[in-house]
Amino acid sequence: MKKAVYTLILVMALGINYGMANTPVEHKPKISKVLTSQIYQMLGEYEVPNDIRGAKAEVRVAVDKGNYLRILSIETDNAQLDKYIRSAIDFERLAKGSFEQGVVYRIPIEVAKK
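Residues numbered from 1 in each chain as written. Predicted model: local features only at pLDDT ≥ 70, side-chain atom pairs only at ≥ 80, totals over all residues. Heavy atoms only, no water.

As annotated in an unreviewed UniProt entry, the protein chain carries the name Conserved hypothetical periplasmic protein and is attributed to Zobellia galactanivorans.

Following this line, the structure appears as structure tokens:
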């Protein structure tokens, strides 16, 4: 009788464990990835000049009240790329997402060659 009770407890424990292992977990993308994808979409709306092709930059941005994007600094050797980025994304409103105010995001940007 004791063996049957132990076996029943073991089977129940394994069944509960198996059920918990198959529970789907809700996946939410990281805030920085959502922000990066929105910035790339904003940059893609404008025609890319040929003189900035192949250039790289690291952009430090923060999100202001009302989900407005603010550029803090741009580290690049190409002055044209700096102007292009500032004209495309500075003071633009982000479409979706709940971003923390006061957090500085570092976004690497590289313009593809043709």
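Enquirer: Got a minute to help me understand the overall build of the protein chain in this structure?
Expert: What the protein chain contains, in helices and strands, is 3 helices and 3 strands. Taken from N to C terminus, the helices and strands of the protein chain fall in the order α-α-β-β-α-β. Within the span of the protein chain, comprising 114 residues, buried residues form 28% of the whole. Put simply, of all contacts in the protein chain between residues at least 6 apart along the chain, 72% involve residues at least 24 apart. Summed over its atoms, the accessible surface of the protein chain is roughly 8600 Å², and 56% of this surface lies on carbon and sulfur atoms. Each charge class in the protein chain can be summarised by its mean position, and for the 17 positive and 13 negative side chains these summaries are 11 Å apart. (Helix = DSSP H or I, 4+ residues; strand = E, 2+ residues; numbered from the N terminus. Buried < 20%, exposed > 50% of the residue type's maximum accessible area, 1.4 Å probe, protein only. Contact = heavy atoms within 4.5 Å. Areas by Shrake-Rupley, 256 points an atom, 1.4 Å probe, with all protein chains shown as cover. Lys, Arg positive; Asp, Glu negative; His and termini not counted. Charge placed at Lys NZ, Arg CZ, Asp CG, Glu CD.)

Enquirer: Sorry, what's going on with helix H3 (residues 79-89) here?
Expert: One turn of an α-helix holds 3.6 residues; hence residues three or four places apart share an orientation. What H3 keeps buried is the set Leu 81, Asp 82, Tyr 84, Ile 85, Ala 88 and Ile 89. Buried residues of H3 fall within an arc of 165 degrees about the axis and therefore sit on the same side. Residues Ala 79, Lys 83 and Ser 87 are exposed on H3 and point more than 90 degrees away from its buried face. Here the buried face of H3 lies against helix H2 (31-44), strand S1 (56-63), strand S2 (69-75) and strand S3 (105-110). Here H3 starts with a cap whose side-chain oxygen sits 3.0 Å from the backbone nitrogen of Gln 80, and that cap is Asn 78. (Arc of directions from axis to C-beta. Polar contact = N/O pair within 3.5 Å; in protein donor to acceptor, adjacent residues only side chain to side chain.)

Enquirer: Got a minute to help me understand H2 in this structure?
Expert: Between its terminal C-alpha atoms H2 stretches 20 Å, which fits the 20 Å expected from 14 residues at 1.5 Å a residue. Within the sequence span of H2, burial applies to Leu 35, Thr 36, Gln 38, Ile 39, Met 42 and Leu 43. Buried residues in H2, looked at end-on, bunch into an arc of 165 degrees, giving them a common side. Exposed side of H2, more than 90 degrees from the buried face: Lys 33, Gln 41 and Gly 44 are the residues found there. Buried residues along H2 sit in contact with S1, S2, H3 and S3. (Expected span 1.5 Å × (residues − 1).)

Enquirer: Looking at this structure, how should I read the environment of Tyr 46?
Expert: Within the fold, Tyr 46 resides in the loop between H2 and S1. Along the sequence, Tyr 46 and Gly 66 sit 20 residues apart, while their C-alpha atoms lie 24 Å from each other.

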